[in-house]
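What follows is the residue order along each chain.
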Amino acid sequence: MSRFDNQTVLVTGGTGGQGASHVRAFHAEGANVVIGDIDAERGAALADELGTRARFARLDVTDEGAWSAAVLAAETAFGSLNVLVNNAGVQHPPATIEDTDQATWSRVLDVNLTGTFLGIRAAAPALRRAAGGAIANIASTMGLGGAAHYAPYVASKWALRGLTQTAALELGRDHIRVNTIHPGVIATSFIHEPAAGATVAIAEFYSPEPFAVPRLGEPADVTRLLLFLTSSDASFITGSEYVIDGGLLLGPALQAVTA
């Protein structure tokens, strides 16, 4: 028996590098999957690839009505919603605080923070109807320290920590667990391609050479942690933060000692 047999999982940003990895892995573990994304073409294609246990729901996470429709689609198609993965997020061109316009600030906070707030609010009644479940909020190592030129993104990911812990306290007695994952530099287009309006990608600022594990992360690294945290194996874990960054936040590692 697979870990997610007879369970339904909604993943936002489900067509992206990390999102698609999560969707495929949950499906492989027996779950029904609802792929939430604004990219209808890629979302429908992924759902078609996976087959009868997959559905695409067009979901702009800043749209309260779209959230209601996505949750309803999950319950209508599969009978329940058991896991929510708030994975959708946006980056922005690097700029100092003084050079960051308010529209950029608002857009990043709307997607990365308000989108997660709306998701928790929309999914909580469905998870309660399912007698409990799990919510995983995908944050960032930028939510654990400052990062010059990325104030909106940093602020959004720091705020996710407080939102997650508050949700864990409010929903725990309903048997709903809420945790945060903080990936480091993961090898996806999100960090390898410049944000709209930018000429430099996030990856340009980070070399893995000093990391204790000297490589970029892969989406599958994050996916494996996500599967654990949203499964019954993690039934005693809520309001917690999990860093998966190869040692980026630790600082430079010693070079290997040769025999």
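See the structure above.
Treat the numbers as computed from the prediction; the structure is a model and nothing was measured.

Visitor: How would you summarise the overall build of the protein if you had to cite specific residues and measurements?
Guide: Of the regular secondary structure elements, the protein holds seven helices and seven strands. Starting at the N terminus, the α and β elements of the protein follow one another as β-α-β-α-β-α-β-α-β-α-β-α-α-β. The dimensions of the protein, computed from C-alpha atoms along their principal axes, are 50 × 50 × 40 Å. When the accessible surface of the protein is totalled, it reaches about 12,100 Å², and 55% of it is carbon and sulfur. Of the side chains in the protein, 16 bear a positive and 25 a negative charge, and the two mean positions are spaced by 8 Å.

Visitor: Break down the side chain of Thr12 for me, with residues and values.
Guide: Position of Thr12 among the secondary structure elements: in strand E1 (residues 8–12). For Thr12, the side chain forms a polar contact with the main-chain nitrogen of Ala88, separated by 2.8 Å. Thr12 has contacts with Gly36, Leu59, Val61, Trp67, Val85, Asn86, Asn87 and Ala88, leaving out every residue within four places of it along the chain.

Visitor: Account for the packing of aromatic side chains, naming residues and giving values.
Guide: Going through the model one piece at a time under the given rule, you end up with one aromatic pair. Between Phe4 and Phe26, the ring centres sit 5.0 Å apart and the planes meet at 80°, which makes this aromatic pair edge-to-face. Of the two residues, Phe4 is situated in the segment before E1 and Phe26 in helix H1 (residues 17–28); the sequence distance between them amounts to 22 residues. For the pair shown, Phe4 and Phe26 are each scored as buried. Here the basic side chain of Arg161 rests over the ring of Trp158, its NZ or CZ set 4.8 Å away from the ring centre.

Visitor: Describe the sheet that holds strand E7 (residues 241–244), listing the residues and the values that go with them.
Guide: Reading across from one edge, E3-E2-E1-E4-E5-E6-E7 is the order of the seven strands in this open sheet, with parallel pairing throughout. Lying at the two open borders of the sheet, with one neighbouring strand each, are strand E3 (54–58) and E7. Each neighbouring strand pair of the sheet contributes to a mean axis angle of 20°, computed without reference to strand direction. When E1 meets strand E2 (residues 32–37), the two strands line up parallel, connected through five bridges. Counterpart to Val11 in the pairing with E2 is Ile35. Sheet strands in contact with helix H2 (residues 40–50) are E2 and E3, and its direction is about 170° off that of E3. Docked against the sheet, helix H5 (residues 151–171) engages strand E5 (133–138), strand E6 (176–183) and E7, running at close to 160° with respect to E6.

Visitor: Can you break down the nonpolar core residue by residue, with the values?
Guide: One recurring pattern in soluble globular proteins: nonpolar side chains tend to sit buried together. Judged by nonpolar contacts, the single largest core of 32 residues is most densely connected at Leu10, Trp67, Leu81, Ile135, Leu171 and Val178. Breaking this core down by element, the ones donating at least two residues are helix H3 (64–78), helix H4 (102–129), H5 and E6. Counting residues per element, this core draws most heavily on H4, which supplies nine residues. Discounting residues that sit within four places of it in the chain, Leu81 has contacts with Thr8, Val9, Leu10, Val71, Ala74, Glu75, Ala123, Ala126, Leu127 and Ala130. One finds Val9, Val23, Ala31 and Leu226 within the second-largest nonpolar core, a separate group that totals 27 residues.

Conventions and cut-offs
- Residues numbered from 1 in each chain as written.
- Predicted model: local features only at pLDDT ≥ 70, side-chain atom pairs only at ≥ 80, totals over all residues.
- Heavy atoms only, no water.
- Helix = DSSP H or I, 4+ residues; strand = E, 2+ residues; numbered from the N terminus.
- Areas by Shrake-Rupley, 256 points an atom, 1.4 Å probe, with all protein chains shown as cover.
- Lys, Arg positive; Asp, Glu negative; His and termini not counted.
- Charge placed at Lys NZ, Arg CZ, Asp CG, Glu CD.
- Polar contact = N/O pair within 3.5 Å; in protein donor to acceptor, adjacent residues only side chain to side chain.
- Contact = heavy atoms within 4.5 Å.
- Phe/Tyr/Trp six-rings, centres within 6.5 Å; stacked < 30°, edge-to-face > 60°.
- Buried < 20%, exposed > 50% of the residue type's maximum accessible area, 1.4 Å probe, protein only.
- Lys NZ or Arg CZ within 6 Å of the ring centre and 35° of its normal.
- Pairing = 2+ DSSP bridges.
- Axes fitted to C-alpha atoms, helices over the stretch in contact; angles between N-to-C directions.
- Core = buried A, V, L, I, M, F, W, Y, C linked by side-chain atoms within 4.5 Å.

Geometric values such as these leave the question of function open.
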